[in-house]
Amino acid sequence: MKWLIKFTTYALLLLLLLFIFTYIGLQTRWGASYSSQFLSKFTSYDIDVGIMGHEFSNPGEFIFQDVKLTAKNSDLSLDSRQVVVDVNWLNLFSGTAIKRLVITQGTLSTTVSPNTVLFPISATILQFENSQITLKKGNDTVQVAGFTGGMTPWKPTENTPFGYGDFRFTSNQLKFNDLAFKNIAITGKLQQQGTEISQASAYLNNGYIAGTGKVLNDGSIMVDSLTMNKVGWENNVDFDSLFGAITSDKSLQVKKVELTNVDIQGKDWALSGLSTEIDQLSFVRGSWTSPKSSISFNVDQFVVKDQQLSTLIGELNINGDNLNISKLSGYYNKGIFNLSGSWQRNNQVLTIDDGKLAGILYTLPENWLSFFAQPTPAWLSGLNIKKFTLSQSLLMNIQPQFPFELTTLSGNIENVDLIKQKQWGIWSGKATFNADSGTINQVLVRRPFVEIRQSGKSSAAASLTVSTDKGISKIGLLVKQEPKKVPFLLRASGSNIDLVDLNQWGWAGFPAQVIGDFDATLQGDLLAPSVAKSLNGELMAIPLQGKRLFRTVVNGVVTSSVESEADLQPTEPSLVEPLPALSNP
């Protein structure tokens, strides 16, 4: 029996000596190195610990210096000057043995995926102190410098690599892709349905940002409050992609947004000096879901591709299915505009109640005629202008086929419907325009007057009267508005004009300094691939002295002839007669 007592005593002494030597050895670089090699061999991590520290006065706290950890099967690495593990011995076998895990001056880098576990342990508190973190997920990269903060509890799993719990941190710098924030402070909570931000603030390009909200797992965003002051942001997002974001299935809910003097520059668009207030606005799939909301804004400059608006001011509000435009004003092409109206979501009709445009210098785009041949955008099924006034403006068409210019242009539009069944046209109402002077294909004209009106269910009529050097010319136009073609009939007459002007208007071979009258008719299709080649018609010119001159155009080709003895006497041209009905080409 004595031998058994002695054996047990010796064994306990050996175990105590082994524990003492192991305890002392682990606190040496040799012991820490050997332990690191042992752990690396039997785990899925390469581990390198410089030295371990422990004091019996604080038995649960273990301090590891110069820690390096690299996952063998994933993109995870940690290089930390110090790691403190605070163990609760009473919960050693309950799964919550680690009370606190503190990483000081660490550099953490990993690629986050659904099966990523940042650390194969859990802790009541995970804390970083002055650390650097790089996280990659898909095409997004987050880089954090001077990170101090943590999360409680810390219980990561394969499906939730960050776990669920409360978090709070500050950082000197946080870079999300190309966005570089400074002096960041964020408090929030990771939940099963998403991430809640209870308080966040940062500086972006010397501007201040603060806000609260939620980001749900499906990508939906809920903004409780957002404040931005003197923020500048550059990105590579093109303007068309902005509409793609609005029409996505991910919802956007805004309770309160206040922006002051914000500058945003995209790939082909820019906003400068933006200040806005948004109250109670929700968007999903390109449409609002909030019954009432209001938006007010002013912008120093708004640039989209090659178009620019300045001093843009707007006041909008949503009431049910109506988007009411109480005010929208600004400067465009050196002119000023001001309008009010509404857009109805149920029938997609835009109504301009009152609009004014003054002093604009506008050049028609190259494809302006083909633009009106295309169906209207998906969001626009009707456009009604109740009242619109144009004054002191300049309109130019610089296309070489038939350039024109109207100076000091003024006009009035009343009760005009410009869209019917997704097709552009003049479907009701009347518009009149007049100018002091202008040019029509390099021919100087004075006091041009234009009237455009509806004529029948599917037709529109226009008339133009201009004065030339000593004479006057009149043009009447009747068009039939069809979905894929717009056949037209044109009648023109002139009195006491220089017939050489007709050469500039497409009729060739008239001599200079020959005064006379003319009468012409043309038929064609405004939507033909080549409008010129669709033209058919004739012209008769009557010089004050000499024989009558005739021109005939067939499929855009002009031929000429001179009066013979058998020709009938000319009739006096006039456009006051009703225009004949269009023939079906």
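First things first, this report covers the structure right here in the doc. All figures in this text were calculated on a predicted structure; none of them were measured in a lab.

Bringing the environment of Asn-346 into the picture now. One can find Asn-346 in the loop between β19 (335-344) and β20 (349-358). Judged by relative accessible area, Asn-346 falls into the exposed class, the value being 59%. Here the alpha-carbon distance between Asn-346 and Asp-321, two residues 25 residues apart in the chain, equals 6.4 Å.

Moving on, we get to the packing of aromatic side chains. What the rule picks out here adds up to 10 aromatic pairs. With centroids separated by 6.3 Å and ring planes inclined at 40 degrees, the aromatic side chains of Tyr-332 and Tyr-362 adopt a geometry described as tilted. Of this pair, Tyr-332 sits in strand β18 (residues 322-332) while Tyr-362 sits in strand β21 (residues 361-363), and the two are 30 residues apart along the sequence. Given a relative accessible area of 17%, Tyr-332 falls into the buried group. Taking 5.3 Å as the distance between ring centres and 80 degrees as the angle between the ring planes, the aromatic pair formed by Phe-371 and Phe-372 counts as edge-to-face. In textbook terms, an aromatic cluster arises when at least three aromatic residues are bridged by ring pairs, as seen for Phe-128, Phe-147, Phe-167 and Phe-169. The side chain of Arg-551 reaches across the aromatic face of Phe-510, ending 4.3 Å from its centre.

Moving on to a nonpolar patch on the surface. Residues Val-215, Ile-221 and Leu-252 make up a contiguous nonpolar surface patch of about 210 Å² in total accessible area. Counting through the fold element by element, Val-215 comes out in strand β10 (residues 207-216).

Along the chain, Thr-152 connects to Pro-153 via a cis peptide bond; the corresponding omega equals -10 degrees. As for its placement among the helices and strands, Pro-153 is situated in the loop between β6 (140-152) and β7 (165-176). At Lys-334, a residue that is not glycine, the phi angle is positive and equals roughly 70 degrees. Along the chain, the position of Lys-334 falls in the loop between β18 and β19. With a relative accessible area of 73%, Lys-334 lands in the exposed category. The backbone of Asn-415 sits at a positive phi, close to 50 degrees, despite the residue not being glycine. Inspection of the secondary structure puts Asn-415 in strand β23 (residues 404-420).

Grouped together as the largest cluster of nonpolar side chains are 114 residues, with contacts concentrated most on Phe-181, Leu-418, Leu-502, Trp-507, Phe-510, Phe-518 and Leu-539. If one sorts the elements of this core by residue count, β23 sits on top with six residues. If we skip the residues at most four places from it in the chain, Trp-507 touches Leu-502, Ala-520, Leu-522, Glu-538, Leu-539, Arg-551, Val-553 and Val-558.

Attention now goes to the side chain of Asp-86. Note that Asp-86 resides in strand β3 (residues 76-87). Buried Asp-86, no salt bridge; nearest opposite-charge side chain is Lys-99, N-O distance 4.1 Å. Other than its neighbours up to four places away in sequence, Asp-86 contacts Gly-60, Glu-61, Ala-97, Ile-98, Lys-99 and Arg-100.

Right, let's get into the pairing of β20. Two elements, β19 and β20, share nine bridges in a ladder whose sense is antiparallel. Within β20, the residue paired with Asn-338 across the bridge is Lys-356. Following β19, the chain reverses through four residues before pairing antiparallel with β20; Gln-348 in that reversal takes a positive phi of roughly 55 degrees. Bridging between β20 and strand β22 (residues 382-397) involves eight bridges; their strand directions are parallel. Note on β22: the bridge partner recorded for Thr-351 is Asn-384.

Here is what the cut-offs are and how they apply
Residues numbered from 1 in each chain as written. Predicted model: local features only at pLDDT ≥ 70, side-chain atom pairs only at ≥ 80, totals over all residues. Heavy atoms only, no water. Helix = DSSP H or I, 4+ residues; strand = E, 2+ residues; numbered from the N terminus. Buried < 20%, exposed > 50% of the residue type's maximum accessible area, 1.4 Å probe, protein only. Phe/Tyr/Trp six-rings, centres within 6.5 Å; stacked < 30°, edge-to-face > 60°. Lys NZ or Arg CZ within 6 Å of the ring centre and 35° of its normal. Patch = residues over 30% accessible without salt bridge, like charges linked within 9 Å, V, L, I, M, F, W, Y side chains within 5 Å. Areas by Shrake-Rupley, 256 points an atom, 1.4 Å probe, with all protein chains shown as cover. Salt bridge = Lys/Arg side-chain N within 4 Å of Asp/Glu carboxyl O. Core = buried A, V, L, I, M, F, W, Y, C linked by side-chain atoms within 4.5 Å. Contact = heavy atoms within 4.5 Å. Lys, Arg positive; Asp, Glu negative; His and termini not counted. Pairing = 2+ DSSP bridges.

Everything listed is a geometric property; what it means functionally is a separate question.
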